[in-house]
Amino acid sequence: MSSNASKLQTKEQHDKQKKAEGEKAPKKQRRRLFPIWLRLLVVPIILIIFLLLGLLFGYGVLGDGNALDVLKRDTWTHIYDLVNQKS
């Protein structure tokens, strides 16, 4: 335990000495906890999940319909027809 403490102390002293000499202390290598490639996979999946949850909530709770009906093709063709009907 004391050897670890002395190593830490000597490293701190070494860094202070380098700083006093005008040199920069060595940068620590950063290791990402959540890699970028994994973020590129997880973020779109999370967005799709929240989109589906929002559709289910909006159609089922706010729209007073059956929440699972929002996943049916007939519902979307009906909405499309309502939006694109000619006056």
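All values reported here derive from a predicted model rather than from experimental measurement.

1. Examining the overall build of the chain
Thought 1: Across its full length, the chain carries 3 helices and 0 strands.
Thought 2: Helices and strands in the chain line up, N terminus first, as α-α-α.
Thought 3: Put simply, the chain shows about 8,600 Å² of open surface, and 62% of that area lies on carbon and sulfur atoms.

2. Some points on a nonpolar patch on the surface
Thought 1: On the surface, Ile-45, Ile-46, Ile-49, Phe-50 and Leu-53 cluster together into a nonpolar patch covering about 480 Å² of accessible area.
Thought 2: Classification of Ile-49 as partly exposed rests on a relative accessible area of 43%.

3. Thoughts on the pattern of salt bridges
Thought 1: For the structure on display, the rule yields 1 salt bridge.
Thought 2: Two residues, Lys-72 and Asp-69, come together in a salt bridge whose shortest N-O distance is 3.2 Å.
Thought 3: On the basis of relative accessibility, which here comes to 48%, the residue Lys-72 falls in the partly exposed class.

4. Focus: unusual backbone geometry
Thought 1: For Asp-64, which is not glycine, the phi torsion reads 55° and is therefore positive.
Thought 2: For Asp-64, the location among the structural elements is in the loop between α2 (36-62) and α3 (73-83).
Thought 3: According to the relative accessible area criterion, Asp-64 is exposed, its value standing at 69%.

5. Details of α2
Thought 1: Taking 1.5 Å per residue as the helical rise, α2 with its 27 residues ought to reach 39 Å, and the 37 Å between its terminal C-alpha atoms agrees with that figure.
Thought 2: Asp-64, located one to two residues past α2, shows a positive phi value of around 55°.

6. Comments concerning the UniProt feature "transmembrane region" (unreviewed entry) in the chain
Thought 1: Mapped onto this numbering, the UniProt entry gives "transmembrane region" (unreviewed entry) at residues 36-62.
Thought 2: A helix fraction of 100% and a strand fraction of 0% characterise residues 36-62, whose end C-alpha atoms lie 37 Å from each other.

7. With respect to the side chain of Thr-75
Thought 1: Topologically, Thr-75 is positioned in helix α3.
Thought 2: For Thr-75, the residues in contact, after removing those within four places along its chain, are Tyr-59, Asp-69 and Val-70.

8. Some points on the environment of Val-70
Thought 1: Within the element layout of this structure, Val-70 appears in the loop between α2 and α3.
Thought 2: With a relative accessible area of 4%, Val-70 lands in the buried category.
Thought 3: Distance in space between the C-alpha atoms of Val-70 and Leu-52 is 9.0 Å, their sequence separation being 18 residues.
Thought 4: Discounting chain neighbours no more than four positions away, the residues touching Val-70 are Leu-55, Leu-56, Tyr-59, Thr-75 and Trp-76.

How each quantity is defined
- Residues numbered from 1 in each chain as written.
- Predicted model: local features only at pLDDT ≥ 70, side-chain atom pairs only at ≥ 80, totals over all residues.
- Heavy atoms only, no water.
- Helix = DSSP H or I, 4+ residues; strand = E, 2+ residues; numbered from the N terminus.
- Areas by Shrake-Rupley, 256 points an atom, 1.4 Å probe, with all protein chains shown as cover.
- Patch = residues over 30% accessible without salt bridge, like charges linked within 9 Å, V, L, I, M, F, W, Y side chains within 5 Å.
- Salt bridge = Lys/Arg side-chain N within 4 Å of Asp/Glu carboxyl O.
- Buried < 20%, exposed > 50% of the residue type's maximum accessible area, 1.4 Å probe, protein only.
- Expected span 1.5 Å × (residues − 1).
- UniProt positions renumbered as here; feature names shortened; annotations may be inferred.
- Contact = heavy atoms within 4.5 Å.

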